[in-house]
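# Structure assessment
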Amino acid sequence: MSGVGLEIALHKSEMILVSNLQPVQVASIKIGSHVVRAQEAIKYLGVMIDSKLSFKNHVEYASSKAKKALHALSGMMGRTKGLSSSKRRLLAGVVSSVLRYAGPAWAEALTVQRNLDSLNQVHRLTAVRVAGSFSTVSLAAVCVITGMIPVGIRVEEDMECYAGRGRARTRGAGRWSAGSVRGRASSEMCPACAGVVESPEHVVFRCPRFDEARSRTRAIIGEEIRPENIVSLMCGNREAFDGNIQLFITLRYMYPRPYARFYSAGL
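Residues numbered from 1 in each chain as written. Predicted model: local features only at pLDDT ≥ 70, side-chain atom pairs only at ≥ 80, totals over all residues. Heavy atoms only, no water.

### So, the nonpolar core
Cut-off, in case you're wondering: Working definition of a nonpolar core: buried Ala, Val, Leu, Ile, Met, Phe, Trp, Tyr and Cys residues. They are joined through side-chain atoms within 4.5 Å. Here the term buried applies to any residue with accessible area under 20% of the maximum for its type, exposed to any over 50%, and partly exposed to those in between, with areas from a 1.4 Å probe on protein chains only. Elements are defined by DSSP. Helices are runs of H or I of four residues or more, strands are runs of E of two residues or more, and each kind is numbered from the N terminus.
Ala66, Val95, Leu99, Trp106, Leu110, Leu119 and Val155 are the most contacted members of the largest nonpolar core, which has 29 residues in total. Those elements that place two or more of their residues in this core are helix 1 (56-77), helix 2 (85-100), helix 4 (113-131), helix 5 (139-146) and helix 6 (151-163). Counting residues in hydrophobic clusters, the runner-up holds 20 residues, among them Phe205, Ile221, Ala240 and Ile245.

This is the structure in structure tokens:
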């Protein structure tokens, strides 16, 4: 290297030994008179890589960095006055980008609930700022209010888009692209039920496209939801409330067009 005028920046040199063995592995290399010892985690291209490739360190790093970004932006967002909701969402995109950075590389880390909870904590605080709501609002509820996609879903779709680059988009990304195309359709008729208007009531309670989502809600609350009992069920207990909120989130992100009519219909 010295022959072509290049030198190694010794103060920037780091080393990590990747191993699945339980005992901590120790290793070092010597560059001239400088010794580089193995570390538990190093940052490479903005991603924290640990010796077990669990990416736990990166989740902690991303969460901490996103919290700092949120704190810096909170002054501009305000609480109940100041910027409009759309402008707050634009600023919130900064926090979301920090959380999702290089998602395809470490998405598997979110199979560990503790890691997902760490990201969700920051995402909820960000959504609370966008909504201007109380800090005690649940993640599911504030995501519905603000229309912000849960970070776990966004990272999963980032991974699927990366895996399917150059080919047809996969399941997760497909539901978004298809929803966007349908969202621009001029007809108000349900594409799955001939001769039926695609009203909010039809989508939530009857349309067969969402039978799976409704069955998950029924398994949680132990009862079929109907127009006449949904309010009493949601007010009855926390499990029923969260179950219905999850259904609405599914409808919001799988098929945005009918959800957009909820407001005009008073739902």
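There's plenty left to go through after this.
### What to know about the sheet that holds strand 1 (residues 15-16)
Two orientations exist for strands paired in a sheet by backbone hydrogen bonds: parallel and antiparallel. Stated formally: One requirement defines pairing of two strands: DSSP has to find at least two bridges between them.
The three strands lie next to each other as 1-3-2, forming an open sheet whose pairing is mixed. Either end of the sheet is taken by a strand with one partner, and the two such strands are strand 1 and strand 2 (28-31). Bridge count for strand 1 against strand 3 (residues 34-39) is two bridges, and the pairing is parallel. Within strand 3, the position partnered with Ile16 by the bridge is Gln39.

### Focus: the pattern of salt bridges
Test applied: We define a salt bridge as a contact between a side-chain nitrogen of Lys or Arg and a carboxyl oxygen of Asp or Glu at a distance within 4 Å.
Using the criterion set out here, one finds seven salt bridges in the structure. Salt-bridge contacts for Arg100 lead to Asp158; the nearest nitrogen and oxygen are separated by 2.8 Å. Here Arg100, found in helix 2, pairs with Asp158, found in helix 6; they are 58 residues apart in sequence, far enough to count as distant. By relative accessible area, which is 19% here, Asp158 ends up buried.

### Points about the side chain of Asn229
What counts, and what does not: Contacts described as polar in this section are N or O atom pairs within 3.5 Å, which, within protein, must combine one atom able to donate a hydrogen with one able to accept it, while residues neighboring in sequence count only if both atoms come from side chains. Residues are treated as being in contact if the distance between any of their heavy atoms lies within 4.5 Å.
As for its placement among the helices and strands, Asn229 is situated in the loop between helix 9 (211-221) and helix 10 (230-236). A polar atom in the side chain of Asn229 sits 3.4 Å from the side chain of Glu223. Those residues in contact with Asn229, other than ones at most four positions away along the chain, are Glu223 and Glu224.

### A short note on the packing of helix 1 against helix 4
Applicable threshold: Only the contacting stretch of a helix is used when fitting its axis, a line to C-alpha atoms as for every element, and angles between N-to-C directions run 0 to 180 degrees. Angles below 35 degrees are treated as roughly parallel, those above 145 as roughly antiparallel, those between 65 and 115 as roughly perpendicular, and all remaining angles as oblique.
The contact between helix 1 and helix 4 brings their axes to 10 Å, and the two run at 5 degrees. Judged by the angle between their axes, helix 1 and helix 4 are roughly parallel. On helix 4, the residues that touch Lys56, Val59, Ser63, Ala66, Lys67, Leu70, Ser74 and Met77 of helix 1 are Arg114, Asn115, Ser118, Leu119, Gln121, Val122, Leu125, Thr126 and Arg129.

### Considerations on the packing of helix 1 against helix 2
Using the following cut-off: By definition, any crossing whose near helix is turned counterclockwise from its far helix by less than a right angle is left-handed, and any crossing with a clockwise turn is right-handed. Here the term charged refers only to Asp, Glu, Lys and Arg, the term nonpolar to Ala, Val, Leu, Ile, Met, Phe, Trp, Tyr, Cys and Pro, and the term polar to all other amino acids, Gly among them.
Viewed as axis vectors pointing N to C, helix 1 and helix 2 meet at an angle of 165 degrees, and their least axial separation amounts to 8 Å. Considering the angle they form, helix 1 stands roughly antiparallel to helix 2. Relative to helix 2, helix 1 is oriented so that their crossing is right-handed. Here helix 1 contributes Ala62, Ser63, Lys65, Ala66, Ala69, Leu70, Leu73, Met76 and Met77 to the contact with helix 2, which in turn contributes Arg88, Leu91, Ala92, Val94, Val95, Val98 and Leu99. Each residue belonging to the contact of helix 1 with helix 2 can be placed in one class, and the counts come to 13 nonpolar, one polar and two charged.

### Remarks on the side chain of Thr217
Checked against the element boundaries, Thr217 lands in helix 9. Leave out the neighbours within four places in its chain, and Thr217 touches Ile225, Gly243, Asn244 and Leu247.

### A few points about helix 4
Threshold: Expected span, for any helix, means 1.5 Å times one less than how many residues it has.
The terminal C-alpha atoms of helix 4 lie 26 Å apart, and with 19 residues this matches the ideal 27 Å at 1.5 Å per residue to within 8%. What helix 4 keeps buried is the set Asn115, Leu116, Ser118, Leu119, Asn120, Val122, His123, Thr126, Ala127, Val128 and Val130. At its buried positions, helix 4 is contacted by helix 1, helix 2, helix 3 (103-106), helix 5 and helix 6. Phi for Gly132, located one or two positions after helix 4, is positive at around 65 degrees.

### Concerning a nonpolar patch on the surface
To keep it simple, the criterion reads: Within this analysis, patches are made of residues with over 30% relative accessible area and no salt bridge. Like charges are joined at 9 Å or less; nonpolar side chains (Val, Leu, Ile, Met, Phe, Trp, Tyr) at 5 Å or less. Surface exposure here means Shrake-Rupley accessible area, sampled with a 1.4 Å probe, where a residue is shielded only by the protein chains that are shown.
A surface patch of nonpolar side chains, about 380 Å² in accessible area, is lined by Tyr44, Leu45 and Tyr101. Checked against the element boundaries, Tyr101 lands in the loop between helix 2 and helix 3. You can call Tyr101 partly exposed: its relative accessible area is 44%.

### Section: the environment of Asn115
Its location among the elements puts Asn115 in helix 4. Measuring from C-alpha to C-alpha, the distance between Asn115 and Glu60 comes to 7.9 Å, with 55 residues separating the pair along the chain. Aside from chain neighbours lying at most four places away, what touches Asn115 is Lys56, Val59, Ala109 and Leu110.

### Things to note about the confidence of the model for the chain
Inclusion rule: You can read pLDDT as the predictor saying how much it trusts each residue, on a scale of 0 to 100.
In this model, the chain carries a mean pLDDT of 80, and residues with pLDDT of at least 70 account for 82%. A low-confidence stretch, residues 257-267 stays under pLDDT 50, and its non-local contacts, those more than four residues away or across chains, total 25 contacts.

### Thoughts on the pairing of strand 3
Where strand 2 and strand 3 come together, four bridges link them in antiparallel fashion. The residue bridging Ile31 from the neighbouring strand is His34, located in strand 3. Taking the residues between adjacent antiparallel strands as the criterion, strand 2 and strand 3 are bridged by two residues, where Gly32 takes a positive phi near 65 degrees.

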